[in-house]
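A closer look at the structure
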2 protein chains.
Amino acid sequence: MKQLTVELGDRSYPIYIGERLLHDAASFFERHEISKRSPLLIVTDERVAPHYLQLVAENLRAGGYRVATSVVAAGEKSKSLAVLEKVVTDALTAGLDRKSTIVALGGGVVGDLAGFAAASYMRGVRFVQMPTTILAHDSSVGGKVAVNHPLAKNIIGAFHQPEMVLYDISTLKTLPERDIRAGLAEVIKEGLIWDREFVEWCDKNAEKLLALDSEALQHALYVGCCVKSIVVSQDERESGLRAILNLGHTIGHALEAVSAYDELQHGEAISIGMVGAAMLSAKLGNPPSIREETERLLRKFGLPVRIPGHMDVDAILSAMTHDKKFKEGRMVFVIPTEIGKVEINENVPVEWVREVLERLKEEA
Amino acid sequence: MKQLTVELGDRSYPIYIGERLLHDAASFFERHEISKRSPLLIVTDERVAPHYLQLVAENLRAGGYRVATSVVAAGEKSKSLAVLEKVVTDALTAGLDRKSTIVALGGGVVGDLAGFAAASYMRGVRFVQMPTTILAHDSSVGGKVAVNHPLAKNIIGAFHQPEMVLYDISTLKTLPERDIRAGLAEVIKEGLIWDREFVEWCDKNAEKLLALDSEALQHALYVGCCVKSIVVSQDERESGLRAILNLGHTIGHALEAVSAYDELQHGEAISIGMVGAAMLSAKLGNPPSIREETERLLRKFGLPVRIPGHMDVDAILSAMTHDKKFKEGRMVFVIPTEIGKVEINENVPVEWVREVLERLKEEA
């Protein structure tokens, strides 16, 4: 088992990464003094529940915990205020009080939804993350939780740090191949913004990672969490540095919005977005090799690097103006300046963005 | 104009109390460096909008602010996730960004709704309160914002402090008499928990207060805000002391829940609840005169002191178990020990509560 600490003063918390950790859930809960008197609520989705809900619930009950569950539909559509209300209904029905804990068992959607429920239920209760996807390594660090609005992603949310993250990589074995690839897109992103050596390591270990080799996976998730953790520790409330984590997200979120959260997975959308950011980088005078290397690496992981042909460029641009990164009328982008380094550019001309979007379609 | 500061370290903020402050809104906004580049959103309700929305919007626009508005239905039913979604729709449509400010123009419902919108929109933007009711003096101090769930009041929310509170008491002149009485219930509560002299002052000045005498009103709201501010400053996150502000609320919230948020105003419900708390106090061995004095004073202000005959005691008790104050299975009450002093009792037997509820009905 690997362990790292996300350093946030009195809100610091550990991430445990290893095999079969869910089989030992109760002892982790005890170590973190999760209340046995107050009921806790496990939030999960219909895809994860059949695999792991019983395992976790029984392990915790055997350890003396009072366990209630809330199962939501799988997929991005569960990140809504309507589903939040359902989770709160389940919390109230189970009698959760201020000393209760809400547990997210699942991927990023469940983490964001359950996390915002924990942030807002009774104005904030404790929160534990149990990620079951690769992508969730990203959302498990940093405390950003949110639901979507029909007009924009992640627009209603909070900063709410978990007590701990219990990352059982055994759960990744039940992931569809597409989810594995999409999840690795965010791992690659951590390298592209921070750590050239890790990018090279990913390049060399692509096959092992795609085959879910335990050692490679633990290393990749550990480094991914570390990069994010270093950045978040320096800027918890996203006033500056933290924005670099959004590499590929300006275009990526818009693509997700235009595809009604269905056609593209988050990791796939930011894969395309990272290529777009690299194209903008070249227009700003950085070496075109950044784009070539980025694209080659993403292709090696079987990730999409082009905008689907039927998508409308105007609709994508319009979705961007509803994004949080559209600050005071300017277009804000995370721009790679070399492999492993990025900078924030707050003055990208809208015309350049349009041109890049059109080229990302044409070159398909 | 009177002014006080709610002391919360780097989240401290001023409350300005005076006549015709809304006519000068833009200069207060400038003093607090509210952004003129980013649009701001005024949230108000259909009852307040015809009186003051144009006044405030035009004053701010004349001062160079970009102003959008979001008008919701009047009444507690607007404190819902559905109406929150509407406010966020208006915010997105108006192009609010991370540097924008959300302004609550109205009573406690608007303050709670707009405040939670400000707390959660893009994970938190700036917030300004413009209370237009007496009751809102209470919700304008302390940063507790929330919406309701069909099963429980204020169960989905956050702690989010405003930049400032602009309390224009001229707006109180358009309040219905019932709202004035109900609002004064919370003012009296501040006295009952903290300040015997202020209770006596209220007793002597009841007529002036009910007639909205400007000087009396400014004093009462100033003292009310001061008491709340002192308590909140010592316990921002409601881990201990702050709970004393809930005098009358354990029963009061349940009465509101049972009456489907319509029949009883919040102030009326806590008026009845304060009598109930005083009855529990007598059962705990405190002087019965506390209940007599409390009841006499509330009657003097024309406030209800009995549970409406048709309400079901079992339903009221059941509603209490969904309340945030029902901690780990025990019944928590704020108990007056003399006029101007209270204590938290976490072990009130449920049977006592039932008996008090039944007597509060029978004695009608």
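I will try to describe carefully the structure that is included in this document. (Residues numbered from 1 in each chain as written. Chains lettered and ligands numbered in written order. Predicted model: local features only at pLDDT ≥ 70, side-chain atom pairs only at ≥ 80, totals over all residues. Heavy atoms only, no water.)

A word on the overall build of chain A
A count of helical and extended segments in chain A gives 14 helices and 11 strands. What you see for chain A is a C-alpha radius of gyration of 20 Å, in line with the 21 Å of a compact globule of 364 residues. Working note: accessible area of chain A is about 12,800 Å², and carbon and sulfur atoms make up 48% of it. In chain A, which carries 42 positive and 50 negative side-chain charges, the distance between the mean positions of the two groups comes to 3 Å. (Helix = DSSP H or I, 4+ residues; strand = E, 2+ residues; numbered from the N terminus. Rg over C-alpha atoms; globule rule 2.2 N^0.38 Å. Areas by Shrake-Rupley, 256 points an atom, 1.4 Å probe, with all protein chains shown as cover. Lys, Arg positive; Asp, Glu negative; His and termini not counted. Charge placed at Lys NZ, Arg CZ, Asp CG, Glu CD.)

A look at helix α6 (residues 177–194) of chain A
The terminal C-alpha atoms of α6(A) lie 26 Å apart, and with 18 residues this matches the ideal 26 Å at 1.5 Å per residue to within 8%. Counting buried residues in α6(A) gives 14 out of 18 residues, a clear majority hidden from the surface. (Expected span 1.5 Å × (residues − 1). Buried < 20%, exposed > 50% of the residue type's maximum accessible area, 1.4 Å probe, protein only.)

Thoughts on the pattern of salt bridges
Here the idea is simple: oppositely charged side chains can pair when their charged atoms come close. Overall, the coordinates contain 48 salt bridges over all chains when judged by the stated rule. Among the salt bridges present, the one from Arg296(A) reaches Asp203(A), with a minimum N-O distance of 3.0 Å. On the criterion of sequence distance, the pair formed by Arg296(A) in helix α12 (residues 289–300) and Asp203(A) in helix α7 (residues 196–204) is long-range, its members being 93 residues apart. A residue is classified by how much of its surface remains accessible, and Arg296(A), at 42% relative accessible area, is partly exposed. Overall, the relative accessible area of 17% leaves Asp203(A) in the buried class. The salt bridge involving Glu268(B) is made with Arg178(B); its shortest N-O contact spans 2.6 Å. Of this pair, Glu268(B) sits in helix α11 (residues 266–283) while Arg178(B) sits in helix α6 (residues 177–194), and the two are 90 residues apart along the sequence. Residue Arg178(B) is classed as partly exposed on the basis of its relative accessible area, which comes to 38%. (Salt bridge = Lys/Arg side-chain N within 4 Å of Asp/Glu carboxyl O.)

Side note on the interface of chain A and chain B
Each side of the interface is counted separately: chain A has 41 residues, and chain B has 41 residues. Summed over both partners, the interface of chain A with chain B comes to about 3,700 Å²; 58% of that surface belongs to carbon and sulfur atoms. If you look at where chain A meets chain B, you find zero salt bridges. Joining chain A to chain B, the criterion identifies 12 residue pairs in polar contact (both at pLDDT 80 or more). (Contact = heavy atoms within 4.5 Å. Buried area = accessible area lost by both parts, 1.4 Å probe. Polar contact = N/O pair within 3.5 Å; in protein donor to acceptor, adjacent residues only side chain to side chain.)

Some remarks on the environment of Leu40(B)
Residues and elements named next belong to chain B. Here Leu-40 shows up in strand β3 (residues 40–45). You can call Leu-40 buried: its relative accessible area is 1%. Residues Leu-40 and Leu-212, spaced 172 residues apart in sequence, show a C-alpha to C-alpha distance of 32 Å. With residues up to four places along the chain from it excluded, the contact list for Leu-40 reads Phe-29, Ile-34, Leu-60, Tyr-65, Arg-66, Val-67, Ala-68, Leu-96, Thr-101 and Val-103.

Some thoughts on unusual backbone geometry
All names here are of chain A. Of note, the phi angle at Arg-123 is positive, near 65°, even though the residue is not glycine. By the element assignment, Arg-123 lies in the loop between α4 (108–120) and β6 (126–131). The buried category is assigned to Arg-123, whose relative accessible area is 6%. Positive phi values are uncommon outside glycine, yet Leu-212 reaches one of about 60°. Within the element layout of this structure, Leu-212 appears in the loop between α8 (206–210) and α9 (214–234). On the basis of relative accessible area, Leu-212 is assigned to the buried category, the value being 14%.

The values are spatial; any link to function lies outside them.
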